[in-house]
Amino acid sequence: MLTGVVLAGGRNSRMKGQNKAMLTYRGEPFIVRQVKEMRTVCSRIIVVTPEVSAYEKCLPSDILFVSDVYAGHGPLSGFHAAFTKVETEYAWVVGCDYPDISGQAASWMLSWFKDGDYDAVLPVIDGIHQMLHGIYRPQRLLPEITARLEMQQYRLSGLLDRIHWLGVCRDQLAAAQIETSFTVDIDTPEQYQDLLEGRAKKCGEER
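Reading the values: rules and limits
- Along each chain, residues carry numbers from 1 onward, in the same order as the chain's sequence is written.
- It should be noted that, the model being predicted, local features are given only for residues of pLDDT at least 70 and side-chain atom pairs only at 80 or more, the latter also being counted only at that level, while totals for whole chains, interfaces and linings use all residues.
- Excluded from the side-chain calculation are hydrogens and water; included are all heavy atoms of the structure.
- Two rings from Phe, Tyr or Trp (for Trp, the six-membered ring) form a pair when their centres sit within 6.5 Å of each other. Planes less than 30 degrees apart are called stacked, planes more than 60 degrees apart edge-to-face, and all others tilted.
- Only DSSP runs of H or I with at least four residues qualify as helices, and only runs of E with at least two residues qualify as strands; both kinds are numbered from the N terminus onward.
- Throughout, exposure labels follow a simple rule: accessible area from a 1.4 Å probe, protein chains only, divided by the maximum for the residue type, with under 20% read as buried, over 50% as exposed, and the rest as partly exposed.
- Working definition: a disulfide is two cysteine sulfur atoms within 2.5 Å of each other.
- Each reported salt bridge corresponds to a side-chain nitrogen of Lys or Arg within 4 Å of a carboxyl oxygen of Asp or Glu.

**Remarks on the packing of aromatic side chains**
Next, step 1: All chains considered together, the criterion is met by six aromatic pairs.
Next, step 2: Ring plane angle 75° and centroid distance 6.2 Å describe the contact between F30 and Y192, whose orientation is recorded as edge-to-face. Taken together, the residues span a long stretch of sequence, with F30 in helix α1 (residues 30-38) and Y192 in helix α6 (residues 189-206) at a distance of 162 residues.
Next, step 3: Ring centres of W108 and W112 lie 5.6 Å apart, and the angle between their planes is 85°; on these two criteria the pair is classed as edge-to-face.
Next, step 4: The class of W108 is buried, set by a relative accessible area of 17%.
Next, step 5: What links up through ring pairs into an aromatic cluster is the set F79, F83 and Y136.

Right under this line is the structure:
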């Protein structure tokens, strides 16, 4: 019913070239943590990347790796590449720089589709659309995504202007007893250091 998609094809420019998917947190690379979490709710997992060799040794052999058809045009091209391969009705799409993705949140967002004929359900936290931790209907969205790429309209958030989507807020997540830490992404070395120091502080307090 649900396919997991990890977008791991970015340039990592804000991370000064360091591969964000392979940053280590709690003893494992981000992408390893993500795949493990996705396996709790997904029947199949797709990783979008031009560098398969970077992940083959650390990820299970049944992962499907795909490359962008419209290379170099950001997350929207990653959506396109993955959605051409998704066979389930729904896909859970995440960016590779989210260290604490949540299968619980994904399942909860998936449940909202029964209440409306949505193309997507995603968190909107403090006014920010978290499109890289959302649930989507690939077969419905692929024609629109392809058209936007052909028209050189590469802004991912622009897709929301053309589809029927639902945003879920912090209060709704809290009512479902879901922490919003899953929406935190790591873009810079400073943010990564803050993540590590926050974890170290928490461990110290637990001791």
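**Side note on the state of the cysteines**
Note on terminology: a disulfide is the covalent bond linking the sulfur atoms of two cysteines.
Next, step 1: Across all of its chains, the model carries zero disulfides by this definition.
Next, step 2: Among the cysteines around C42, which has no disulfide bond, C96 carries the closest sulfur, lying 17 Å off.

**Examining the pattern of salt bridges**
Next, step 1: The tally for this structure, following the rule as stated, stands at twelve salt bridges.
Next, step 2: Between D117 and R137 there is a salt bridge, with its nearest N and O atoms 3.3 Å apart. Highlighted residues: D117 in the loop between α3 (103-111) and β7 (120-125) and R137 in the loop between β9 (133-136) and α4 (138-150), separated in sequence by 20 residues.
Next, step 3: Since its relative accessible area comes to 48%, D117 is described here as partly exposed.
Next, step 4: Salt-bridge contacts for D117 lead to R140; the nearest nitrogen and oxygen are separated by 2.5 Å. Of this pair, D117 sits in the loop between α3 and β7 while R140 is found in helix α4, placing the two residues 23 residues apart along the sequence.
Next, step 5: Taking the relative accessible area as the measure of exposure, R140 reaches 40% and is therefore partly exposed.
Next, step 6: Three or more residues are tied together by salt bridges with common partners; here these are E89, D117, D119, R137 and R140.

Nothing here speaks to function; it is geometry throughout.
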